[in-house]
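Here's the letter readout for the chains.
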Amino acid sequence: MEVKVEKGWKEGLLSEFEQPYFEQLTEFVRNEYQTKQIYPPAKEIFNAFDLCPFENVKVVIIGQDPYHGSGQAHGLCFSVLDGVRFPPSLRNIFKEINGDLGHPVPQSGDLSRWAKQGVLLLNATLTVCAHQAGSHQGKGWERFTDAAIKAVSEQKENIVFLLWGAYAQRKGQIIDNSKHLVLESVHPSPLSASRGFFGNHHFSSANTYLKENGKMPVNW
């Protein structure tokens, strides 16, 4: 299958696109879009890669599933489009940025502005059935997104990986932390944020590391 994705990612992940599992995944996803309500819109499945070209990546944030409510998911983990009410985890992310860096909470929950600065906002699973969390897990997306994380870890240096919660931390076990900065904390969900997400200073720590390694800090 011909996958439309940013050129650098296409080259870096070419072997994945040619694997039998990816053919099966494509078949499954295509059928789901034809028969059910699936998020994000099909043209936005690879938004995380398209808005953050491989050569620009300097920070990676790993999420789990796209949002499964109407009008929320648009291919970037934790992000929602303008005008969409902030989900609780995103609200807590902005709260930590405010506490860490003093930035006011923005009007928009669209994190495309981060992606365009080199932040890869990667969900482990890139599609989901409406109102059914986890419905597309175990179909092949996790293997594909592991390959993306591995490509960044192996082919780049001095990348910041932000791993929030046990799921992201397990997925991050393939990262070479001898040449990257790996920051871990609990998830920003209301269930856990007060147990160590608030006050983790990941955003200032990321920017300090980027500057120390000759990279532009992110305007969070």
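Since the structure is predicted, the reported quantities are computational estimates derived from the model, not experimental observations.

Definitions and cut-offs
- Residues numbered from 1 in each chain as written.
- Predicted model: local features only at pLDDT ≥ 70, side-chain atom pairs only at ≥ 80, totals over all residues.
- Heavy atoms only, no water.
- Helix = DSSP H or I, 4+ residues; strand = E, 2+ residues; numbered from the N terminus.
- Rg over C-alpha atoms; globule rule 2.2 N^0.38 Å.
- Buried < 20%, exposed > 50% of the residue type's maximum accessible area, 1.4 Å probe, protein only.
- Contact = heavy atoms within 4.5 Å.
- Areas by Shrake-Rupley, 256 points an atom, 1.4 Å probe, with all protein chains shown as cover.
- Lys, Arg positive; Asp, Glu negative; His and termini not counted.
- Charge placed at Lys NZ, Arg CZ, Asp CG, Glu CD.
- Core = buried A, V, L, I, M, F, W, Y, C linked by side-chain atoms within 4.5 Å.
- 1 Å grid on protein atoms, 1.4 Å probe; cavity = no way out; pocket = protein on both sides within 12 Å on 5 of 7 lines; lining within 4 Å.
- Points joined across faces, edges and corners; volume = space filled by probe spheres on them.
- Polar contact = N/O pair within 3.5 Å; in protein donor to acceptor, adjacent residues only side chain to side chain.
- Salt bridge = Lys/Arg side-chain N within 4 Å of Asp/Glu carboxyl O.

Here's the deal with the overall build of the protein chain
Scanning the protein chain for helices and strands turns up nine helices and six strands. Scaling as 2.2 N^0.38, a compact globule of 220 residues should have a C-alpha radius of gyration of about 17 Å, and the protein chain matches this with 17 Å. Within the protein chain, buried positions represent 52% of all 220 residues. Here the analysis covers contacts within the protein chain between residues at least 6 apart in sequence; of these, 65% occur between residues at least 24 apart. For the protein chain, the accessible surface area stands at approximately 10,200 Å², while carbon and sulfur atoms represent 48% of it. Across the protein chain, the 22 positively charged side chains and the 23 negatively charged ones have centroids separated by 5 Å.

Comments concerning the environment of Tyr33
Note that Tyr33 resides in helix H3 (residues 20-35). It is 34 Å that separates the C-alpha atoms of Tyr33 and Trp220, two residues lying 187 residues apart in sequence. In contact with Tyr33, not counting residues within four places along its chain, are Ile38, Tyr39, Pro40, Pro41, Ala42, Ile45 and Thr127.

Let's talk about the nonpolar core
Within the largest apolar cluster, 66 residues are counted, with the highest numbers of intra-cluster contacts made by Trp9, Phe46, Phe49, Ile61, Trp114, Phe144 and Trp220. For this core, the element with the most residues is helix H7 (residues 141-155), which contributes seven residues.

Some thoughts on the layout of surface pockets
By volume, the largest pocket amounts to about 470 Å³. At the level of secondary structure, the elements contributing two or more residues to the lining of the largest pocket comprise strand S2 (59-63) and helix H8 (166-171). In terms of residues, the lining of the largest pocket owes the most to one element, H8, which gives three residues.

Let's talk about the side chain of Asn200
Turning to its location among the elements, Asn200 is positioned in the loop between strand S6 (181-185) and helix H9 (202-212). In this structure Asn200 comes out as buried when scored by relative accessible area, which is 14%. Polar contacts involving the side chain of Asn200 include one to the side chain of Ser185, which spans 3.1 Å. Looking at Asn200, its side chain comes within polar contact range of the main-chain nitrogen of His202, at 3.0 Å. Dropping the residues within four chain positions of it, Asn200 is found in contact with Glu96, Trp164 and Ser185.

A short note on the pattern of salt bridges
As enumerated under the stated definition, the model contains four salt bridges in all. Lys7 is the partner of Glu11 in a salt bridge, and the nearest nitrogen-oxygen pair spans 3.6 Å. A residue pair is termed a helical-turn pair when its members lie 3 or 4 positions apart in one helix, as Glu11 and Lys7 do in helix H1 (residues 7-12) at four residues. Here Glu11 matches Lys7 in class, with each residue exposed. Between Lys171 and Asp146 there is a salt bridge, and its shortest N-O distance comes to 2.7 Å. Note that Lys171 is positioned in helix H8 and Asp146 in helix H7, a separation of 25 residues in sequence.

A look at the side chain of Asp65
Take Asp65: it is sitting in the loop between S2 and helix H5 (88-101). Notably, Asp65 is buried but unbridged: the nearest opposite-charge side chain belongs to Lys171, and the N-O separation is 10 Å. Polar side-chain contacts of Asp65 include one of 2.4 Å to the backbone nitrogen of Gly134. Among the polar contacts listed, one links the side chain of Asp65 to the side chain of Gln137, at a separation of 3.5 Å. Discounting residues that sit within four places of it in the chain, Asp65 has contacts with Asn123, Thr125, Val128, Ala133, Gly134, Ser135 and Gln137.

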